[in-house]
Amino acid sequence: MKRCDFCELPIGEGCACALPRDYIGPSGTGTPFSTVSRHPSRDAILISLRGVAHRNGCSHQSDSKVSAPLWGWIDAPDPKVWQRISTTSPLQATAGNTQRSATRRCRTCDH
């Protein structure tokens, strides 16, 4: 029986989240992700499992492996948000895995 990643109720038997089927993880349960698109846009800020913010094309990340539900991201971010990422100003993902937040920037991407 598949369960909704948001409310964890069985799909079709209690889940009232009018979400597309793409939201349901392969095992029927799992981490919620907010978009039907499982991949970020070209200008997105990516957020890894370790809470590090990256930019697309980062030399030590494989673009093909950046997808929901493992990664979170912010599509079309404000250009100034990159500089504000810190432990006192974490960046919360708005797409992909929305439970991810970044508290530091990748040094390679920072240059």
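Conventions and cut-offs
Residues numbered from 1 in each chain as written. Predicted model: local features only at pLDDT ≥ 70, side-chain atom pairs only at ≥ 80, totals over all residues. Heavy atoms only, no water. Helix = DSSP H or I, 4+ residues; strand = E, 2+ residues; numbered from the N terminus. Buried < 20%, exposed > 50% of the residue type's maximum accessible area, 1.4 Å probe, protein only. Contact = heavy atoms within 4.5 Å. Areas by Shrake-Rupley, 256 points an atom, 1.4 Å probe, with all protein chains shown as cover. Core = buried A, V, L, I, M, F, W, Y, C linked by side-chain atoms within 4.5 Å. Pairing = 2+ DSSP bridges. Salt bridge = Lys/Arg side-chain N within 4 Å of Asp/Glu carboxyl O. 1 Å grid on protein atoms, 1.4 Å probe; cavity = no way out; pocket = protein on both sides within 12 Å on 5 of 7 lines; lining within 4 Å. Points joined across faces, edges and corners; volume = space filled by probe spheres on them. Nonpolar A, V, L, I, M, F, W, Y, C, P; charged D, E, K, R; others polar. pLDDT = per-residue confidence, 0-100. Polar contact = N/O pair within 3.5 Å; in protein donor to acceptor, adjacent residues only side chain to side chain.

This next bit is on the overall build of the chain. Within the chain one finds one helix and seven strands. In sequence order, the secondary structure elements of the chain are arranged as β-β-β-α-β-β-β-β. Taken over 111 residues, the chain has a buried fraction of 37%. In the chain, once contacts between residues fewer than 6 apart in sequence are set aside, the share between residues at least 24 apart is 54%. Of the accessible surface of the chain, which amounts to about 6,600 Å², a share of 51% is contributed by carbon and sulfur atoms.

What follows is about unusual backbone geometry. Backbone geometry at alanine 76 places phi at a positive 50 degrees, although glycine is not the residue there. On the secondary structure map, alanine 76 appears in the loop between strand 3 (72–74) and helix 1 (81–84).

Ranked by internal contacts, the top residues of the largest apolar core, which has 14 residues, are Ile45, Ala53, Trp82, Ile85, Leu91 and Ala102. Going through the elements one at a time, strand 1 (45–47), strand 2 (52–55) and helix 1 are the ones with two or more residues in this core. In this view, alanine 102 contacts Ile47, Gly51, Val52, Ala53, Ile85, Ser86, Pro90 and Leu91; residues no more than four positions away in its chain are not counted. Counting seven residues, the second-largest nonpolar core is a separate cluster that includes Val66, Ala68, Trp71 and Ala95.

Let us now look at the sheet that holds strand 3. Hydrogen bonds between backbone atoms are what pair the strands of a sheet, whose relative direction is either parallel or antiparallel. Spatially, the five strands line up as an open sheet ordered 5-3-1-2-7, and their pairing is mixed. The sheet is open, and its two borders are formed by strand 5 (95–96) and strand 7 (104–105), each paired with just one other strand.

On inspection of all chains with the given rule, the structure shows one salt bridge. Aspartate 110 serves as the salt-bridge partner of arginine 105, at 3.1 Å between the closest nitrogen and oxygen.

What follows concerns the layout of surface pockets. By volume, the largest pocket amounts to about 210 Å³. Around the largest pocket, the lining residues are Ser48, Leu49, Arg50, Val52, His54, His60, Gln61, Trp71, Arg104, Arg105, Cys106 and Arg107. Breaking the lining of the largest pocket down by element, the ones donating at least two residues are strand 2 and strand 7. Looking at the lining of the largest pocket residue by residue, the classes come out as four nonpolar, four polar and four charged.

With 64% of its residues at a pLDDT of 70 or more, the chain has an overall mean of 76. The least confident element of the chain is strand 5, whose mean pLDDT is 86; the most confident is strand 7, at 96.

Along the polypeptide, asparagine 56 turns up in the loop between strand 2 and strand 3. Here serine 41 takes part through its backbone oxygen, which lies 2.5 Å from a polar atom of the side chain of asparagine 56. Of the polar contacts made by the side chain of asparagine 56, one reaches the backbone oxygen of arginine 42; its length is 3.0 Å.

Here strand 1 pairs with strand 2 via three bridges, running antiparallel. For isoleucine 45, the partnering residue across the bridge sits in strand 2 and is arginine 55.

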